Amino acid sequence: MVVKNNINALLAELSGSPCRLIAVSKTQPVEKILEAYTAGQRLFGENKAQEIASKYEALPKDIEWHMIGHLQTNKVKYIAPFISLIHSVDSVKLLEEINKQAGKVKRRISCLLQVYIANEETKFGFDPEEVIQLATPNFLKSYPNLEVKGLMGMATFTDNHEQIRNEFISLRKLFEKLRVMPLPSNMQMKELSMGMSADYKIAKEEGSTLVRVGTAIFGDRNYPTNS
Ligand SMILES: *Cc1c(COP(=O)(O)O)cnc(C)c1O
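Here the structure is a predicted model, which means the values were calculated and not measured.

## Here's the deal with the overall build of the protein chain
- Of the regular secondary structure elements, the protein chain holds 10 helices and eight strands.
- With respect to the three principal axes, the spread of C-alpha positions in the protein chain is 50 × 40 × 35 Å.
- Burial status across the protein chain gives 49% buried among its 227 residues.
- For the protein chain, contacts bridging at least 24 residues in sequence account for 62% of all contacts bridging at least 6.
- When the accessible surface of the protein chain is split by element, carbon and sulfur atoms take 52% of a total near 10,700 Å².

Shown next as structure tokens:
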């Protein structure tokens, strides 16, 4: 009941906004995911390739699986056949590998470019300048099996709401800048993935279209994850 109530409260909060809810189910057992599924939730986010692949096998096939964590190139093959959206594309090497694996399974895989916006040493992502440099006609030639749908970012882990807001604003400004640029035909600026349990309200106010919420739905995770 708790999971269902949390989902209903979040959906009520997001209703009327363009912001969709991704239930971040990493480390959660299949039963908890089914509880959210029964409440109507269909978008789930995970951060480990093999975990997401085994949950995909075990759960209803109308779930949209979102990869939100750092993805190693040698793990792309596990998720290429079914993944709905990879939020965490943070290097050219990874773009190349996703393009290759997408070709093997004859899919066009949707991705977001992860942008480094935090004031921390540990976070992954492209610099804003690198994203602008990727957005050329060559992008289509290099990655014909990819479909870039937008940008993703993670704010600094801090209680300073003003800092978090400024980081989200910087990502939204990059998104808007790219949106009015001539983009390659396999690159669109439609989705802006930002906001987690602690900061999704700020993210929504600053234009997020996909919030990634875990603990505010499922409670604390049982074991720490390395993302
Ligand atoms: C775990 C995770 C989330 C969800 O975090 P919560 O604080 O539990 O809401 C969101 N985004 C990414 C990239 C994550 O790894």
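What follows continues from the structure just given.
## Side note on the site of the ligand
- Lys-26, Ser-197, Gly-214, Thr-215 and Arg-221 are the nearest of the 12 residues found near the ligand.
- Interatomic distance of 2.7 Å between a side-chain N/O atom of Lys-26 and an oxygen atom of the ligand.
- At a separation of 2.8 Å, an oxygen atom of the ligand approaches a polar backbone atom of Thr-215.
- Starting from 390 Å² of accessible surface for the ligand in isolation, the protein chains cover 93%.
- Classifying every residue of the shell around the ligand gives five nonpolar, four polar and three charged.

## Considering the packing of helix 1 (residues 2-14) against helix 2 (residues 30-38)
- Running from N to C, helix 1 and helix 2 point in directions that differ by 45 degrees, and their axes come no closer than 8 Å. It follows from the interaxial angle that helix 1 and helix 2 lie oblique. In this structure, the crossing between helix 1 and helix 2 has a hand that is right-handed. Residues Val-2, Val-3 and Ile-7 of helix 1 form the contact with helix 2, whose participating residues are Lys-32, Glu-35 and Ala-36.
- Here the residues of the contact of helix 1 with helix 2 sort into four nonpolar, no polar and two charged.

## Focus on unusual backbone geometry
- In this model, Thr-27 sits at a positive phi of 70 degrees, which is unusual for a non-glycine residue.
- The topology assignment puts Thr-27 in the loop between strand 1 (20-24) and helix 2.
- Exposure remark for Thr-27: the relative accessible area of 8% places this residue in the buried category.
- Phi at Lys-106 is positive, roughly 55 degrees, even though this residue is not glycine.

Definitions and limits used
Residues numbered from 1 in each chain as written. Predicted model: local features only at pLDDT ≥ 70, side-chain atom pairs only at ≥ 80, totals over all residues. Heavy atoms only, no water. Helix = DSSP H or I, 4+ residues; strand = E, 2+ residues; numbered from the N terminus. Buried < 20%, exposed > 50% of the residue type's maximum accessible area, 1.4 Å probe, protein only. Contact = heavy atoms within 4.5 Å. Areas by Shrake-Rupley, 256 points an atom, 1.4 Å probe, with all protein chains shown as cover. Near = heavy atom within 4 Å. Polar contact = N/O pair within 3.5 Å; in protein donor to acceptor, adjacent residues only side chain to side chain. Nonpolar A, V, L, I, M, F, W, Y, C, P; charged D, E, K, R; others polar. Axes fitted to C-alpha atoms, helices over the stretch in contact; angles between N-to-C directions. Parallel < 35°, antiparallel > 145°, perpendicular 65-115°, else oblique. Left-handed = near helix turned anticlockwise from the far one by under 90°.

Interpretation note: all reported values are geometric properties and have no functional meaning in isolation.
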